[in-house]
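# Chains, contacts and geometry: an overview
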Amino acid sequence: VSICALKKDRKGILEKIQSLGIMEMNQVAGDEEGFAKMDTVNARQSFEKTAHLTEAALQILEEYAPQKQSMLAGLAGKDLVSQEEFDEAAAKKKKVISDANALIAKNKEIVEKKANILKLENQIESLSPWLSLDVPMNYAGTDKVAMLLGTMPAETLPETVYAKVAEHCPETEAVDVQVIEKDADAVYLVVFCLRTEAGKVEEALRGGGFSRPSQLTSKVPAVKKEQLETKIRQLNEEINKTGEEIKGYSDSRRDLKLVGDYFRMRADKYNVLGTLPQSQRTFVISGYAVKKTVPVLEKAIGERYDCVIDVEDLKEGEEPPTLLKNNGFSETVEGIVASYGLPQKGEFDPTTIMSFFYVFFFGMMLSDAA
């Protein structure tokens, strides 16, 4: 079927063909002289981006306010929607897009706060070995005494530390070693020495594997841990509050689905629009249709618009798209046949035979499982 019509009717004709769903596009006049194709990439990508936006918002809603469904609901497919309901949802698309943006922003806020909680938990974990320390970790000591805070290998004993200092700094007058904590990986200790000898003592300790903590706090570790835990509780409360706000958008779920479909359909329409041969005032659209649906096309488009509709039989050797035709029982498994590949023109349609065995063997497996 080829339709040549005025360019001003292009939008209406395309939408009508799309709503009928009985014609598969296959442009044939692309190389004709005087015809050109319109660049619709930007418009199509814009519609696809909006459709992705609504899908992302629906995923967020499903995470925080999952829709209650029966076990077999996944087999039912999409609900049929009346044209009136679809048009009503499309009319408020600006509000729906605003809701989708709000959902994504709130989800982003939750993700960021969860990331902050993870950072705070890591800080608490790094503080854990030092909790019995009763001075801030960055405490440098007094005017005359320096405090060296750090870790050494797990097998290190206080005697080993004294020996290291005595070996490398025999002139050192006084050193005191206190083990704060010990685990399978390291010994956490504090070394006190005269401030004038701090550099030499630390250099001697480094020879035994001494290293400073990567993070030092200006507060007593136990106090800092309590502050971090308070901050985590606050963030969790804010996350819960934001989660409840997200649940408040549950009523927008259906509108998000319909508006997503609306923009997906517009993207499909502009995808086809970019393939249409167009002159200054006219355009040509062509494709395949089942023979018995041609009168429907002629009535829906030919009687409403100024156009020429040309219908011709398939040429010999031409490969048309495949449309399966089966009874009510067999057509339920046409999707399974399509997933393996549709039969071509002149080939045998296995749907009817396969449908019986599919149901039969599925029943056997289900009964075995039971």
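Here, residues in each chain are numbered from 1, in the same order as that chain's written sequence. Per-residue local features of the predicted model are confined to residues with pLDDT of at least 70, and side-chain atom pairs are confined, for both listing and counting, to 80 or more; whole-chain, interface and lining totals are unaffected and use all residues. Values reported for side chains reflect all heavy atoms of the structure, with hydrogen atoms and water molecules removed beforehand.

### Concerning the overall build of the protein
In this text, helices come from DSSP runs of H or I with a minimum length of four residues, and strands from runs of E with a minimum of two, each type numbered from the N-terminal end. Looking only at helices and strands, the protein has 11 helices and seven strands in total. C-alpha atoms define the radius of gyration, and 2.2 Å times the number of residues to the power 0.38 defines the globule rule. Against the compact-globule benchmark of 21 Å for 370 residues, the protein has a radius of gyration of 37 Å, which places it well outside the compact range. C-alpha extents for the protein along the principal axes are approximately 110 × 60 × 45 Å. The cut-offs for exposure are 20% and 50% of the maximum accessible area for each residue type, with area from a 1.4 Å probe on protein chains only; residues under the lower value are buried, those over the upper are exposed, and the others partly exposed. The buried share among the 370 residues of the protein stands at 34%. In this analysis, two residues are considered to be in contact whenever any of their non-hydrogen atoms come within 4.5 Å of each other. Of the contacts made within the protein by residues no fewer than 6 positions apart, 79% connect residues no fewer than 24 positions apart.

### Here we look at the pattern of salt bridges
Two side chains of opposite charge can pair, provided their charged atoms sit close to one another. Each salt bridge in this description consists of a side-chain nitrogen of Lys or Arg and a carboxyl oxygen of Asp or Glu lying within 4 Å of one another. Applying the stated criterion across every chain, the model contains 18 salt bridges. Glu 245 is the partner of Lys 106 in a salt bridge, and the nearest nitrogen-oxygen pair spans 2.8 Å. A residue pair is termed long-range when its members are at least 10 positions apart, and Lys 106 in helix 4 (residues 93-127) and Glu 245 in helix 7 (residues 221-247) qualify at 139 residues. Two residues, Glu 109 and Lys 113, come together in a salt bridge whose shortest N-O distance is 3.0 Å. Taken together, the residues Glu 109 and Lys 113, both in helix 4 and four residues apart, mark about one turn of the helix. Given the relative accessible area of 32%, Glu 109 is considered partly exposed.

### So, the nonpolar core
Ranked by size, the top nonpolar core spans 59 residues in total, and within it Ile 17, Leu 256 and Ile 301 carry the most contacts. Not counting residues within four places of it along the chain, the set of residues in contact with Leu 256 comprises Thr 54, Ala 57, Leu 58, Leu 61, Val 96, Ala 100 and Leu 103. Nine residue types can take part in a nonpolar core, namely buried Ala, Val, Leu, Ile, Met, Phe, Trp, Tyr and Cys, and a core is a set of them joined through side-chain atoms within 4.5 Å.

### Observations regarding the side chain of Glu 202
With respect to the helices and strands, the residue Glu 202 is situated in helix 6 (residues 198-206). Residue Glu 202 is classed as buried on the basis of its relative accessible area of 16%. Apart from residues no more than four positions distant in its own chain, Glu 202 is found in contact with Leu 148, Phe 210 and Arg 212.

### Observations concerning the sheet that holds strand 1 (residues 2-6)
The pairing criterion is simple: DSSP has to find at least two bridges between the two strands. Overall, antiparallel pairing links the four strands, which are arranged 2-6-1-7 in an open sheet. Single-partner strands in this sheet number two, and they are strand 2 (23-25) and strand 7 (307-310). Each neighbouring strand pair of the sheet contributes to a mean axis angle of 30°, computed without reference to strand direction. Taken together, the four bridges between strand 1 and strand 7 define a ladder with antiparallel strand orientation. Axis geometry follows a simple rule: fit a line to the C-alpha atoms, using only the stretch in contact for helices, then measure angles between N-to-C directions, giving values from 0 to 180 degrees.

### A short note on helix 2 (residues 41-64)
Under the 1.5 Å per step criterion, the end-to-end length of helix 2 is 35 Å for 24 residues, consistent within 8% with the ideal 34 Å. Those residues of helix 2 that sit buried are Arg 44, Phe 47, Thr 50, Ala 51, Leu 53, Thr 54, Ala 57, Leu 58, Ile 60, Leu 61 and Tyr 64. Looking at the buried residues of helix 2, the elements they touch are helix 4, helix 7 and helix 8 (253-273). In a helix, the anticipated span is given by 1.5 Å times the number of residues less one.

### What about the packing of helix 4 against helix 7?
Two elements in contact, helix 4 and helix 7, have axes separated by 9 Å at closest approach and are oriented at 160°. The angle between the axes of helix 4 and helix 7 places the two elements in the roughly antiparallel class. Crossing of helix 4 over helix 7 shows left-handed handedness. As a working rule, the residues Ala, Val, Leu, Ile, Met, Phe, Trp, Tyr, Cys and Pro are called nonpolar, Asp, Glu, Lys and Arg charged, and the rest polar, with Gly in that last group. Classifying every residue of the contact of helix 4 with helix 7 gives 12 nonpolar, six polar and 11 charged. Put simply, angles under 35 degrees are roughly parallel, angles over 145 are roughly antiparallel, angles from 65 to 115 are roughly perpendicular, and the rest are oblique. A crossing counts as left-handed when the near helix is turned anticlockwise from the far one by less than a right angle, and as right-handed when that turn is clockwise.

### A closer look at the packing of aromatic side chains
Only rings of Phe, Tyr and Trp enter the pairing, Trp through its six-membered ring, and a pair is recorded when the two centres are within 6.5 Å. The plane angle decides the type: under 30 degrees is stacked, over 60 is edge-to-face, the rest tilted. Taken as a whole and assessed by the stated rule, the structure comprises nine aromatic pairs. Relative to Tyr 262, the ring of Phe 86 has its centre 6.3 Å away and its plane inclined at 55°; by these criteria the two rings are tilted. Taken together, the residues span a long stretch of sequence, with Phe 86 in helix 3 (residues 83-91) and Tyr 262 in helix 8 at a distance of 176 residues. Members of the aromatic cluster, connected to one another through ring pairs, are Phe 47, Phe 86, Tyr 262, Phe 263 and Tyr 270.

### Description of the pairing of strand 4 (residues 175-182)
In this sheet, strand 5 (residues 186-194) lies alongside strand 4 in antiparallel orientation, the contact comprising seven bridges. Bridge pairing links Val 175 to Cys 193 in strand 5. Turn length for the strand 4-strand 5 hairpin, with the two strands adjacent in sequence and antiparallel, is three residues.

### Structural notes on the environment of Lys 182
If you trace the backbone, Lys 182 turns up in strand 4. With sequence-adjacent residues up to four places away left out, Lys 182 is seen in contact with Ala 154, Leu 157, Val 187 and Tyr 188.

### Concerning the pairing of strand 6 (residues 282-289)
A regular strand places its side chains on the two faces of the sheet in alternate fashion. Burial of strand 6 is extensive: six of the eight residues sit out of reach of the surface. As judged from the five bridges shared by strand 1 and strand 6, these two strands associate in the antiparallel manner. What sits directly across from Ser 2, in strand 6, is Ser 286. Alignment of strand 2 against strand 6, held across three bridges, turns out to be antiparallel. Each residue of the ladder has a partner; that of Met 23, found in strand 6, is Ala 289.

### What to know about the environment of Glu 298
In this fold, Glu 298 is placed in helix 9 (residues 294-302). Glu 298 gets classed as partly exposed once you look at its relative accessible area, which sits at 34%. C-alpha of Glu 298 to C-alpha of Ala 102: the two residues are 196 residues apart in sequence and 45 Å apart in space. Beyond its immediate sequence surroundings of up to four residues, Glu 298 is in contact with Glu 303, Ile 309 and Val 311.

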